[in-house]
Amino acid sequence: MTPDHDAGNPAGELSKSGPGSAPNVDFTKIYDFNPNDFARGYNPNGRLIIDAAGKLYGVCLYGGYAPPDNVLGGGVVFMLAPVSGGTYSHTVLHTFQGGPDDGARPTGGLTRDSAGHLYGTAAAGGSGWSGTVFKLTQGQDGAGYDLANLYDFSATSPSGTNGDGAAPTSSLFVDAGGNLFGTTSNGGANGAGTVFRLSRQTDGSYTFTNLHDFAAAQGYDDTTGGLVMDAAGNLYGLKAAGGANASGEIFGLFMPSYSYQSLYSFPLVDYDRALPMGSLVIDGSGVLFGTTSEGGNALSGTVFSYPSGATPATPTNLHVFNDLNGSFAPDAGVILDPAGNLFGTASASSPGNGTVYKLTRNDNGTYGYATLFDFTEQKRQGEAPQNTLMLNSVGQLFGTTFEGGAYNGGAVFRIGETAEAMAVMENGVVLEILVLYPGRGYTSPPTVWITPSTNGMTAQAVATVSNGSVTAVTMTNNGSGYDFGPQVGFTRHD
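It should be emphasised that the depicted structure is a prediction, and the values quoted were computed from it without experimental measurement.

**Quick look at the packing of aromatic side chains**
Here is step 1 of the chain: Under the criterion given, the structure shown has 27 aromatic pairs.
Here is step 2 of the chain: Each ring, one from Y57 and one from Y145, has its centre 6.5 Å from the other, and the planes form 70°; the classification is edge-to-face. Of this pair, Y57 sits in strand β5 (residues 56-62) while Y145 sits in strand β11 (residues 145-152), and the two are 88 residues apart along the sequence. As far as burial versus exposure is concerned, Y57 and Y145 are alike and both buried.
Here is step 3 of the chain: Centre to centre, the rings of F153 and F208 are 5.9 Å apart; their planes meet at 90°, and the pair counts as edge-to-face. In this pair, F153 is assigned in the loop between β11 and β12 (173-174) and F208 in strand β15 (residues 206-213), connecting sequence segments 55 residues apart.
Here is step 4 of the chain: Ring-pair connections join several aromatic residues into one group, and the members of that group are F27, F373, F375 and F413.
Here is step 5 of the chain: Stacked on the ring of F214, the Lys or Arg K239 has its end atom at 4.6 Å from the ring centre.
Here is step 6 of the chain: Residue placement shows R492 over the ring face of Y442; its charged tip is 4.0 Å from the ring centre.

Right, dumping it as structure tokens:
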């Protein structure tokens, strides 16, 4: 484990969202990966996770250690820990060596259990050179993490088949009993991947079970997303080019024996596939949400909902992307907040290099789309956000870009939604300040700024924050001499 402070981040760079974004947001780039700083890794891939202390954990596809026959390196697991001044320190938790004794190319991100153990997959390496499932356990002294390979996928035949799968490229699901569920994108009986379970035994070991072999791929890169589980223990997932039309598929594995069922095959539109590339998410009522990276009326991707259960249904499009006047190619799934709002990324956009977006759930069950942030053509803020976002307990969004940033090795960013308020004035004094929008992601009360009075004393006020939002603004000085109602704003201190 190699800790050091964040020399790659130019001072926790902060910027406002671009024109047309609603609501206003604060965008902070908290780390830049540098391909020339090889040991730290670069090109972050897969989702981030966060612990109670605000530490972020993720993986990089490249860098770390480079054997003579692999100049790109096998990838790393990293941690970003918040330190004073809003910056983050970077620590490498594991450097993948590749070869028969370690995995390489971690692609799906990490999963954390209630004890703080980290789990993930590497798409290559291992004893069969077909990938691994690994576990990172923090040492008793708290000073480092030890990696153990829980499973090595077996070698594939010349036709690409084997008995267990190959190239696990998605995140794992951990159930309450500590059992792991995942998918592979290659291998298996038909060479198109598998669904598997690693059952945790009382001695801490794991037993592998191949739950399903996918049908043979039909001429496209048929990746498989991660799994979600409903309250009954049924599993759901997406196959990018699976299904009857090789355009993508929603599938389920149903209790008690995890029997497989193809629930929906996405249609071909003018020979263009839908390609659901990411993973599903499920809400408390059992509704599934996901994205297609292509398809829809404009062939630029969709966000959809789908009812869980074994009865086949048709997805409902909540938003259709359009590459002519906005963002497109949402290559990762969405996440949910407690209010049922959806957040995601699109890897490309007509004004720049991808976006972060929000779908706000309305009372009538419809959703309103808003771009939270556009990555610009200058690429310094990042480029091609193609991984699932992460939401912390106060509503801050964290994510990664695969490329761009200060050194074009990708970046980690944070987004908070800015509160909005209005002053109520009478006879030249400010009577009160009304909170119009509470914002999200405040870890401490922001400073309230009020336009100075030109003919008297400037009003002053303080903000109250609860659960990451501004709930009230209290006047401490009503000011005097205002000819017009002053503007009110908030300065974040995160």
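**Examining the environment of G352**
Here is step 1 of the chain: Note on placement: G352 falls in the loop between β27 (348-349) and β28 (355-361).
Here is step 2 of the chain: Taking C-alpha positions, G352 is 4.8 Å from E377, a pair spaced 25 residues apart along the chain.
Here is step 3 of the chain: Contacts of G352, omitting those with residues within four sequence positions, involve F375, T376 and E377.

**Notes on the side chain of T223**
Here is step 1 of the chain: Along the chain, the position of T223 falls in the loop between β15 and β16 (228-229).
Here is step 2 of the chain: T223 gets classed as buried once you look at its relative accessible area, which sits at 17%.

**Looking at the sheet that holds strand β14 (residues 194-200)**
Here is step 1 of the chain: The 4 strands lie next to each other as β12-β13-β14-β15, forming an open sheet whose pairing is antiparallel. The outermost strands of the open sheet, each flanked by one partner alone, are β12 and β15.
Here is step 2 of the chain: As paired elements, β14 and β15 share 7 bridges and run antiparallel to each other. Across the sheet, the residue bridging to S199 is T207, located in β15.

**Looking at the sheet that holds β16**
Here is step 1 of the chain: Strand order in the open sheet made by the 4 strands is β16-β17-β18-β19, with antiparallel pairing throughout. In this open sheet, the two edge strands, each paired with only one partner strand, are β16 and β19 (259-265).
Here is step 2 of the chain: As defined by bridge partners, strand β18 (residues 249-254) adjoins β19 across 6 bridges and the pair is classed as antiparallel. Opposite F251, over in β19, you have S262 as the bridge partner.

**Remarks on the pattern of salt bridges**
Here is step 1 of the chain: Enumeration over the complete set of coordinates arrives at 6 salt bridges.
Here is step 2 of the chain: A salt bridge links R492 to D26, with the nearest nitrogen and oxygen atoms 3.0 Å apart. Taken together, the residues R492 in the segment after β38 (488-491) and D26 in strand β3 (residues 25-32) connect sequence positions 466 residues apart. Neither residue differs from the other here; R492 and D26 are each classed as buried.
Here is step 3 of the chain: Measuring nitrogen to oxygen at the nearest pair gives 2.8 Å for the salt bridge that ties R40 to D37.

**Quick word on the confidence of the model for the protein chain**
Here is step 1 of the chain: Overall, the predicted model of the protein chain reaches an average pLDDT of 90, with 93% of residues at or above 70.
Here is step 2 of the chain: Between the elements of the protein chain, mean pLDDT differs from a low of 37, seen in strand β2 (residues 14-16), to a high of 98, seen in β15.
Here is step 3 of the chain: In the predicted structure, residues 1-21 sits below a pLDDT of 50 and forms 58 contacts with residues beyond four places in sequence or in another chain.

**Things to note about the nonpolar core**
Grouped burial of nonpolar side chains is what soluble globular proteins tend to show.
Here is step 1 of the chain: Of all hydrophobic cores here, the largest spans 18 residues; its most connected members are F33, L56, L80, F398 and V412.
Here is step 2 of the chain: Listed by contribution, the elements that provide at least two residues to this core are β3, β4 (42-50), β5, β6 (76-82) and β7 (88-95).
Here is step 3 of the chain: Take this core: its biggest share by element is 4 residues, from β5.

**So, a nonpolar patch on the surface**
Here is step 1 of the chain: Taken together, the side chains of M422, L434 and L436 define a hydrophobic patch exposed on the protein surface, amounting to about 260 Å² of accessible area.
Here is step 2 of the chain: With respect to the element layout, M422 can be found in strand β33 (residues 420-426).
Here is step 3 of the chain: The exposure class assigned to M422 is partly exposed, which follows from its relative accessible area of 38%.

**Remarks on the environment of D152**
Here is step 1 of the chain: Examined against the element boundaries, D152 turns out to sit in strand β11.
Here is step 2 of the chain: If we ignore the near neighbours within four places in the chain, the residues touching D152 are P100, G126, S127, G131, T132 and D164.
Here is step 3 of the chain: Within the structure, D152 has its side chain in polar contact with the backbone nitrogen of S127 (distance 2.9 Å).
Here is step 4 of the chain: Only 3.5 Å separates the side chain of D152 from the side chain of N149, close enough to count as a polar contact.

**Details of the pairing of β5**
Here is step 1 of the chain: Across the 7 residues of β5, 7 count as buried, placing the element largely inside the fold.
Here is step 2 of the chain: The pairing of β4 with β5 spans 5 bridges and is classified as antiparallel. Its bridge partner being in β5, I50 is matched across the sheet by L56.
Here is step 3 of the chain: Bridging between β5 and β6 involves 5 bridges; their strand directions are antiparallel. When the sheet's bridge partners are listed, L56 is paired in β6 with L80.

**Focus on unusual backbone geometry**
Here is step 1 of the chain: The step from M255 to P256 runs through a cis peptide bond, and the omega angle for that step is 10°.
Here is step 2 of the chain: By the secondary structure assignment, P256 is in the loop between β18 and β19.
Here is step 3 of the chain: A positive phi angle is found at A167, which is not glycine, with a value near 60°.
Here is step 4 of the chain: Inspection of the secondary structure puts A167 in the loop between β11 and β12.
Here is step 5 of the chain: Despite not being glycine, L275 has its phi angle at roughly 55°, a positive value.
Here is step 6 of the chain: One can find L275 in the loop between β19 and β20 (281-282).

Basis of the calculations
Residues numbered from 1 in each chain as written. Predicted model: local features only at pLDDT ≥ 70, side-chain atom pairs only at ≥ 80, totals over all residues. Heavy atoms only, no water. Phe/Tyr/Trp six-rings, centres within 6.5 Å; stacked < 30°, edge-to-face > 60°. Helix = DSSP H or I, 4+ residues; strand = E, 2+ residues; numbered from the N terminus. Buried < 20%, exposed > 50% of the residue type's maximum accessible area, 1.4 Å probe, protein only. Lys NZ or Arg CZ within 6 Å of the ring centre and 35° of its normal. Contact = heavy atoms within 4.5 Å. Pairing = 2+ DSSP bridges. Salt bridge = Lys/Arg side-chain N within 4 Å of Asp/Glu carboxyl O. pLDDT = per-residue confidence, 0-100. Core = buried A, V, L, I, M, F, W, Y, C linked by side-chain atoms within 4.5 Å. Patch = residues over 30% accessible without salt bridge, like charges linked within 9 Å, V, L, I, M, F, W, Y side chains within 5 Å. Areas by Shrake-Rupley, 256 points an atom, 1.4 Å probe, with all protein chains shown as cover. Polar contact = N/O pair within 3.5 Å; in protein donor to acceptor, adjacent residues only side chain to side chain.

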